[in-house]
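Overview (structure and organization)
Below, each chain spelled out in residue letters.
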Amino acid sequence: MKERGRTPAKHGAGTLYVVATPIGNLQDITLRALEILRSVGYVVAEDTRHTRKLLTAHQIRVPILSFHAHTSAEGLGRIVDLLKKGAQIALVTDAGTPGISDPGVALIQETVRHDLPVVPIPGPSAAIAALIVSGLASQPFAFLGFPPSRGAHRTKFFLQYASLSMTRVLYESPRRLPRTLQDILDHWGNLRLAVARELTKVHEQVFRGTVSHALDVYKEGTRGEVTLVVEGAPAALKSEGLQNVSWKETLQAYLDQGDSLRHAVEEVQKLYRVRRRDAYQAALHFKRHKDEEPDKGGFS
Ligand code: SAM
């Protein structure tokens, strides 16, 4: 292997190369990535058929081992054992950089835990590609991965990052896109965002606008791969001590303390980037709900 200056292998142990592969355009692979893929003893891949296509396109013949979300602890251990015995292994994922919201992270962590060398072979990642074309601040930014698909974890996820004053990057499935845009609108407000679809592919498209506009555009969902980039929360939230509080909760708090509907809406609008129409509708909903609550005083 021609590689120089990398982490020295200890006691003849092999190295785990974490190799980035294209997120669409097959030409987005580095010369170094190809050299590593050609020279290793094994390639560990999420979807062996998918990776076989990539390797065949570059005339690379190397045994492919499967590693995915359901690989058992023994399966993981077998790959680590190969490394211990001196095998050079390249870890690839279906698309982009292994370890970024994909199962590869478990193998990387296990390899590090065994104090074996791990070497990055950098290249494409959808998160970075989307961030750089979003037109939003590219630092600081937070990579949030996929929102949980449902339930309390999902609500907690959106609440937890509601007041984060840095650009937020999320992965999402095309099917869930409308629901996620709605949750962003409900919890984070009508911020500016970019919806980066099918990056580096034939139908690449970057929508830039507000969350409510994106909801209009994508109300029926979409196709292909999607990455969302959302501007940071207004800085005022932090100074007002409103961390982890969505605009709807703040609105409700104003109403609960007896503020008029108009004042509550105005205050929330000052703090968050929420459309007046949405804030009014939510305030009316809370008030109606409260008026309908059974009399807690019991029978008279
Ligand atoms: N490890 C990969 C990386 O570094 O980009 C990401 C793996 S994650 C399982 C797959 C998600 O990445 C997709 O659901 C989508 O949100 C995003 N993604 C992948 N390819 C994309 C593309 N070409 N355009 C936009 N987003 C993409």
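Residues numbered from 1 in each chain as written. Predicted model: local features only at pLDDT ≥ 70, side-chain atom pairs only at ≥ 80, totals over all residues. Heavy atoms only, no water.

1. What about the site of the ligand?
Around the ligand, the surrounding shell holds 19 residues, and the nearest of these are Ile-100, Ser-125, Ala-126, Val-226 and Thr-227. Tyr-171 places a side-chain nitrogen or oxygen 3.0 Å from an oxygen atom of the ligand. Contacts to the ligand include Val-226, whose backbone N or O atom sits 2.5 Å from an oxygen atom. For the ligand, whose unbound accessible area comes to 570 Å², protein coverage reaches 91%. Elements represented by at least two residues in the shell around the ligand include exactly strand S7 (167-172) and strand S10 (226-230). In terms of residue class, the shell around the ligand is made up of nine nonpolar, five polar and five charged. Looking at which domains feed residues into the shell around the ligand, each of domain 1 (16-124) and domain 2 (127-230) gives three or more. (Near = heavy atom within 4 Å. Polar contact = N/O pair within 3.5 Å; in protein donor to acceptor, adjacent residues only side chain to side chain. Areas by Shrake-Rupley, 256 points an atom, 1.4 Å probe, with all protein chains shown as cover. Helix = DSSP H or I, 4+ residues; strand = E, 2+ residues; numbered from the N terminus. Nonpolar A, V, L, I, M, F, W, Y, C, P; charged D, E, K, R; others polar. Domains from an automatic or database assignment.)

2. With respect to the domain arrangement of the protein chain
Looking at the assigned domains, one finds that the protein chain contains domain 1 (16-124), domain 2 (127-230) and domain 3 (246-291). Each of domain 2 and domain 3 was reduced to a C-alpha centroid, and the two centroids are 25 Å apart. Facing ten residues of domain 2, the contacting portion of domain 3 comprises eight residues. Carbon and sulfur atoms supply 51% of the area that domain 2 and domain 3 bury against each other, a total of about 750 Å² over both sides. Remark: the boundary between domain 2 and domain 3 carries one salt bridge. The salt bridge involving Asp-186 is made with Lys-248; its shortest N-O contact spans 3.5 Å. At the junction of domain 2 and domain 3, the tally comes to four residue pairs in polar contact (both at pLDDT 80 or more). (Contact = heavy atoms within 4.5 Å. Buried area = accessible area lost by both parts, 1.4 Å probe. Salt bridge = Lys/Arg side-chain N within 4 Å of Asp/Glu carboxyl O.)

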